[in-house]
Amino acid sequence: MADTDTDTGQPAHEAHAWSQGRSGLAAAALAGVLAGAAVLGIGELVAALVDPDASPFFVAGSTVVDHTPQGLREAAIRRFGTHDKDVLFASMGIVMLILAALSGVLERRWRIGSALFVVLGVAIGVAALQRPAATGWFVVPTIFGVVAGLIALRLLVRSPVTDSPASRSTPGSGAPPELPQHDTTPPAEVAATPALSRRRFMGIAVGVGVVAVGAAAVGRYLSATLRSVAEERGKFLVPQAVSPAPAPTPAMTRAVPGLTEFVTPNDEFYRIDTALQVPAVSSADWSLRIHGMVDRTVEFTMEDLRRRPAVSRMVTLTCVSNEVGGDLAGNAVWTGYRLADLLREAGIHGDADMVLSRSADGFTAGTPLEALTDGRDALLAVGMNGAPLPLDHGYPARMVVPGLYGYVSATKWVVDLEVTRFDRAQAYWTTRGWSELGPIKTASRIDVPAGFATLTPGPVTVAGVAWAQHRGIEKVEIQVDDGPWQPADLTAEYSTDTWRQWTYRWDATPGTHTLHVRATDTTGATQTEQRRPPVPDGATGWHSRTVRVR
């Protein structure tokens, strides 16, 4: 009597053959995933020795950031805010996982999974060579990673997990597994061969996984060791300002639960930039070069700057991607050196009208020259709220220019200033459809009550902030439903370069109500009701909150 599978009633060899086909595909997919992990792990390790920015993973991510359609980019920022990079990393991981698994299956079926690895490797290698700070060495981590991945893929897919004699029966044929010609191995030993093959496969798989994870971990460790500036930052001394920023007086702040603090703590300050991994530049290695349409090229080291008088100024920064009512704005005390003084030493040509700033990772911003030399507090900042700049906010030096959105002025990790003209050079965002000048638009926001909050009838405090940097806020008004606009109570003005808090006492009545806010700047211009998206020069419209009173 033939042996049968106790669960299915099928002949044992038929059930085993079907199981082999199914497990073979799963094993192939796993092989592809592990080979992909080997590409990234070995690539990360080699990148630590070449340049951490040449990591295949970060090259792929940076390329995605650079070429993401503007509408999709803004939707991501709108939906995920400062977590947009986390979402990008997760999405990339999922896509890479799928492609790697597919390569394993293709390699098992048609032996073309290796070709997919090569094609993707070539694409990443080309992208690596196009990174702003790339050298010919940037392609090396990808080459090593792809070679490692190909070796892993061949070892795993072509190991005899599905090629053993016991798996050579034809499903549904009813025939026992064929024995190789002249094979005298007893059937019992042949039946045991798949288990031995699976053990071999699992052994190779575990080995590849350990190597991939270990290489990635060592690579990240070496990158952190070679590039880490955290310890140095802890020892960095913020210069004593000869012209310090005055502390805000009680009249300039309000203590209302839920209201945005007047000064934003460093760890709560918004961060929107193109850097997937924070550039690590030590203050000892840092320098700022000023060149272009100047009488002489000049270069400043941090030691050069320390011999100059430093100033501190309170300035509110705003991201152009901020939606109406958004939180991509923050107020801080910045300590540094006047950019106008540094530019003056280079001798600016009379026909220049733009400064193209460049960060250590290759990002560029085009700032109107006038905004750096018209007397406003445009700074090369090295301190933030009395501490060294946080690593992700530009340590050791960044630009701060009141009145302009960050994409044209707030270059972090800045290392180069080229004095030029708008008709001769374009910056990162202006090549992607954003306007050249980027003046901040008057804006206001309701912080409390929260949207769709349930309130009790009677006095309710409505509160928020408003800003119009370098012009200042003249008044803020509140409208309840379709009623008349009523003036809000503004805190005292710190300066025209900072936001102002405001409050309004509302006698709430039962029902559902919509609160609107609008601000007027010191030029007499009032926010428009028309809603427009951030692209190309900043969002417009009135912020509103709907609440229920019962």
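Refer to the preceding data block for the structure.
Values in this document were obtained by computation on a predicted structure and should not be read as measured data.

Definitions and limits used
Residues numbered from 1 in each chain as written. Predicted model: local features only at pLDDT ≥ 70, side-chain atom pairs only at ≥ 80, totals over all residues. Heavy atoms only, no water. Helix = DSSP H or I, 4+ residues; strand = E, 2+ residues; numbered from the N terminus. Buried < 20%, exposed > 50% of the residue type's maximum accessible area, 1.4 Å probe, protein only. Contact = heavy atoms within 4.5 Å. Pairing = 2+ DSSP bridges. Axes fitted to C-alpha atoms, helices over the stretch in contact; angles between N-to-C directions. Phe/Tyr/Trp six-rings, centres within 6.5 Å; stacked < 30°, edge-to-face > 60°. Core = buried A, V, L, I, M, F, W, Y, C linked by side-chain atoms within 4.5 Å. Parallel < 35°, antiparallel > 145°, perpendicular 65-115°, else oblique. Nonpolar A, V, L, I, M, F, W, Y, C, P; charged D, E, K, R; others polar. Salt bridge = Lys/Arg side-chain N within 4 Å of Asp/Glu carboxyl O. Expected span 1.5 Å × (residues − 1). Arc of directions from axis to C-beta.

Peer 1: Pulling in residues and values, what's your account of the environment of Ala 365?
Peer 2: Checked against the element boundaries, Ala 365 lands in strand β7 (residues 364–368). For Ala 365, a relative accessible area of 0% puts it in the buried group. If near-sequence neighbours (up to four positions away) are discounted, Ala 365 is found in contact with Val 355, Leu 356, Ser 357, Tyr 407, Val 408, Ser 409, Thr 411 and Ala 427.

Peer 1: Explain the sheet that holds strand β2 (residues 287–292) to me, and be specific about the residues and the numbers.
Peer 2: Across the sheet, five strands lie side by side as β3-β2-β11-β6-β7; this open sheet has mixed pairing. Edge strands, defined here as strands with exactly one partner in the open sheet, are β3 (298–301) and β7. Between one strand axis and the next, the sheet turns through 20° on average, direction left out of account.

Peer 1: Give me the lowdown on the packing of aromatic side chains, citing residues and values where you can.
Peer 2: Each aromatic ring pair is summarised here by two numbers: the centre-to-centre distance and the angle between the ring planes. The full count for this structure, using the stated rule, is 13 aromatic pairs. Relative to Phe 58, the ring of Phe 57 lies with its centre 5.7 Å away and its plane at 90°, an arrangement referred to as edge-to-face. There is no split in this pair, since Phe 57 and Phe 58 are both buried. Taking 4.9 Å as the distance between ring centres and 85° as the angle between the ring planes, the aromatic pair formed by Tyr 428 and Trp 429 counts as edge-to-face. Grouping residues by exposure puts Tyr 428 and Trp 429 together as buried.

Peer 1: Tell me what's going on with the nonpolar core, and back it up with residues and numbers.
Peer 2: One finds Ile 290, Trp 334, Leu 380 and Leu 417 to be the most contacted residues of the largest nonpolar core, which totals 81 residues. The contacts of Leu 380, once residues within four sequence positions are left out, are Trp 286, Leu 288, Leu 305, Thr 335, Gly 336, Tyr 337, Leu 339, Leu 342, Ala 397, Arg 398 and Val 414. In this structure, Val 476, Val 480, Ala 488 and Trp 506 belong to the second largest nonpolar core, which totals 22 residues.

Peer 1: If you had to explain the packing of helix α5 (residues 113–129) against helix α6 (residues 140–157) to someone new, which residues and values would you point to?
Peer 2: Closest axis-to-axis distance for the α5/α6 pair is 10 Å, and the angle between their directions is 170°. Put simply, α5 runs roughly antiparallel to α6. Across the interface between the two elements, Gly 113, Ser 114, Phe 117, Val 118, Gly 121, Ile 124 and Gly 125 of α5 pack against Thr 142, Val 146, Gly 149, Leu 150, Leu 153 and Arg 154 of α6. Along the lines of polarity and charge, the residues of the contact of α5 with α6 split into six nonpolar, six polar and one charged.

Peer 1: Let's hear about the pattern of salt bridges: which residues, and what values?
Peer 2: Applying the stated rule across the entire model yields 19 salt bridges. Asp 273 is the salt-bridge partner of Arg 271, the closest N and O atoms lying 2.7 Å from each other. Ionic pairing is found between Arg 445 and Asp 447, a salt bridge with its closest N-O pair at 2.8 Å. Classification of Arg 445 by relative accessible area gives buried; the value is 6%.

Peer 1: How would you explain α5 if you had to name every residue and give the values?
Peer 2: Taking 1.5 Å of rise per residue, 17 residues should cover 24 Å, and α5 covers 25 Å from first to last C-alpha, within 8% of that figure. Residues of α5 that are buried include every one of Gly 113, Ser 114, Phe 117, Gly 121, Gly 125, Ala 127 and Ala 128, and no others. An end-on view of α5 places all buried positions within 160° of arc, on one side of the element. Exposed positions of α5 whose direction lies more than 90 degrees from the buried face are Val 119 and Val 122.

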